[in-house]
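# Summary of the model geometry
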Amino acid sequence: MAKTVVRKNESFDDALRRFKRTVSRSGTLQEYRKREFYEKPSVKKKLKSEAARKRKAKKKRY
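Residues numbered from 1 in each chain as written. Predicted model: local features only at pLDDT ≥ 70, side-chain atom pairs only at ≥ 80, totals over all residues. Heavy atoms only, no water.

## Section: the overall build of the protein
For the protein, the helix and strand inventory stands at three helices and zero strands. Along the protein, from the amino end to the carboxyl end, the secondary structure elements read α-α-α. In summary, the protein has a C-alpha radius of gyration of 18 Å against a globular reference of 11 Å for 62 residues, an excess of more than 25%. Viewed in the frame of its principal axes, the protein has a C-alpha envelope of about 50 × 35 × 15 Å. Buried positions account for 8% of the 62 residues belonging to the protein. Carbon and sulfur atoms provide 56% of the accessible area of the protein, an area that totals close to 6600 Å². Measuring between centres, the 24 positive side-chain charges of the protein sit 10 Å from its 7 negative side-chain charges. (Helix = DSSP H or I, 4+ residues; strand = E, 2+ residues; numbered from the N terminus. Rg over C-alpha atoms; globule rule 2.2 N^0.38 Å. Buried < 20%, exposed > 50% of the residue type's maximum accessible area, 1.4 Å probe, protein only. Areas by Shrake-Rupley, 256 points an atom, 1.4 Å probe, with all protein chains shown as cover. Lys, Arg positive; Asp, Glu negative; His and termini not counted. Charge placed at Lys NZ, Arg CZ, Asp CG, Glu CD.)

## Let's talk about helix α3 (residues 41-61)
With 21 residues, α3 ought to run about 30 Å at 1.5 Å a step, and its terminal C-alpha atoms sit 31 Å apart, in line with that. Along α3, only zero of the 21 residues are buried, which leaves the element largely exposed. (Expected span 1.5 Å × (residues − 1).)

## As for helix α1 (residues 12-26)
Across its 15 residues, α1 extends 21 Å between first and last C-alpha, which sits within 8% of the 21 Å expected from 1.5 Å per residue. Taken together, the buried positions of α1 are A15, R18 and V23. Projected down its long axis, α1 shows its buried positions confined to an angular sector of 135 degrees, all on one face. Opposite the buried face of α1, at more than 90 degrees from it, the exposed residues are D13, K20 and R25. Lining the buried residues of α1 we find α2 (28-35). Backbone geometry just downstream of α1 places G27 in the positive-phi region, at approximately 85 degrees. (Arc of directions from axis to C-beta. Contact = heavy atoms within 4.5 Å.)

## Comments concerning the side chain of E10
Position of E10 relative to the elements: it lies in the segment before α1. Given a relative accessible area of 18%, E10 falls into the buried group. Looking at E10, its side chain comes within polar contact range of the main-chain nitrogen of R7, at 2.9 Å. Every residue in contact with E10, bar those within four places of it in the chain, is listed here: V5, A15 and R18. (Polar contact = N/O pair within 3.5 Å; in protein donor to acceptor, adjacent residues only side chain to side chain.)

Rendered as structure tokens:
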């Protein structure tokens, strides 16, 4: 869980910017989006193999 303590004399915008940065670094949003909807195991497997295929093709290009 990302936590940001507002410093003395810090504006809300600066604190919000720091909070957003810590959330993106921790991977909380990616995890949320991944779990937002249920995916059947067969669909997960298909997406995983598709991503591996794309990585392999990209690696082969260079």
